[in-house]
Amino acid sequence: QTWESGKLFKSVVYVQLRDPMIQLAKVVEDLIPAESRDQAEKVMSTFRSYKGQDLLFVMDGWDELPTHLHTNSIFQQLIAFPETLNLHLSTVIVTSRPIASSDLYFFISSRIEILGFTPTEVHDYFTEALGGEAQAVQKLQDQLEECPMVKACCYLPLNAAIVS
C-alpha cells in the first residue's frame, strides 16, 4: 500500500531491458514511455529539476541485455553514474539472474538474491492462492506428485503462481 499511495516514490519508470527498442536507447529520454520525444523531454526535465528525488527506475532483466550494453551505455550510466544525468537522488533497482550481474557489484549499494520457496512455503502459497480450500490444495499437490518436473519448478514464486 505504501507504493500505491506514493509514499515511497512519486514516479516509477519501468524499463524492460529485453525490449529491442529499449536496447537502442542512447539517452535517458529514450527510456521514458511517452507519445512523443518532446513529451519525454518535458518529463525528464521535470525529473531533473528535483534531481530525481522520489523517482524510481526499475531496470528489469540485466541478464537479457546484450553484454556490449553493460558498459558505455545509458543503462550503465543510469546505474553507476546517475549524477552525470542530474538524477543522483533517484533510486535504481536492477533485476537479473545472479550469474549475469557480477559486473554490477562495483556500482550497487545493496544486493538481494531471491532463493525461492521452501517446500513448506510452496504449500502455504498454494493454500493462500486457493483460498484455503484444503481439498483443492490436496488435489493440486497430488497432481504435482505425478509430475515431478513441474513440482520441482514451484520453488520459484512466479512458477508457483502459474501452477496455482
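Just so it is clear, the model here is predicted, and its values are computed rather than measured. (Residues numbered from 1 in each chain as written. Predicted model: local features only at pLDDT ≥ 70, side-chain atom pairs only at ≥ 80, totals over all residues. Heavy atoms only, no water.)

Draft legend 1. Representation of the side chain of Gln76. Position of Gln76 among the secondary structure elements: in helix H3 (residues 74–80). Gln76 gets classed as buried once you look at its relative accessible area, which sits at 13%. Aside from chain neighbours lying at most four places away, what touches Gln76 is Trp62, His70, Thr71, Phe81 and Phe107. (Helix = DSSP H or I, 4+ residues; strand = E, 2+ residues; numbered from the N terminus. Buried < 20%, exposed > 50% of the residue type's maximum accessible area, 1.4 Å probe, protein only. Contact = heavy atoms within 4.5 Å.)

Draft legend 2. Structural view of a nonpolar patch on the surface. A grouping of Phe81, Phe106 and Phe107 is seen on the molecular surface, where their side chains present a nonpolar patch of about 340 Å² in accessible area. Mapped onto the fold, Phe106 is located in the loop between strand E3 (91–95) and helix H4 (119–129). (Patch = residues over 30% accessible without salt bridge, like charges linked within 9 Å, V, L, I, M, F, W, Y side chains within 5 Å. Areas by Shrake-Rupley, 256 points an atom, 1.4 Å probe, with all protein chains shown as cover. Salt bridge = Lys/Arg side-chain N within 4 Å of Asp/Glu carboxyl O.)

Draft legend 3. Main features of the pairing of E3. Two elements, strand E2 (residues 55–60) and E3, share five bridges in a ladder whose sense is parallel. Bridging from a neighbouring strand, Asp60 pairs with Thr95 of E3. With H3 bridging E2 and its parallel neighbour E3, the resulting β-α-β unit is right-handed. (Pairing = 2+ DSSP bridges. Right-handed = clockwise from strand over helix to strand, strands pointing away.)

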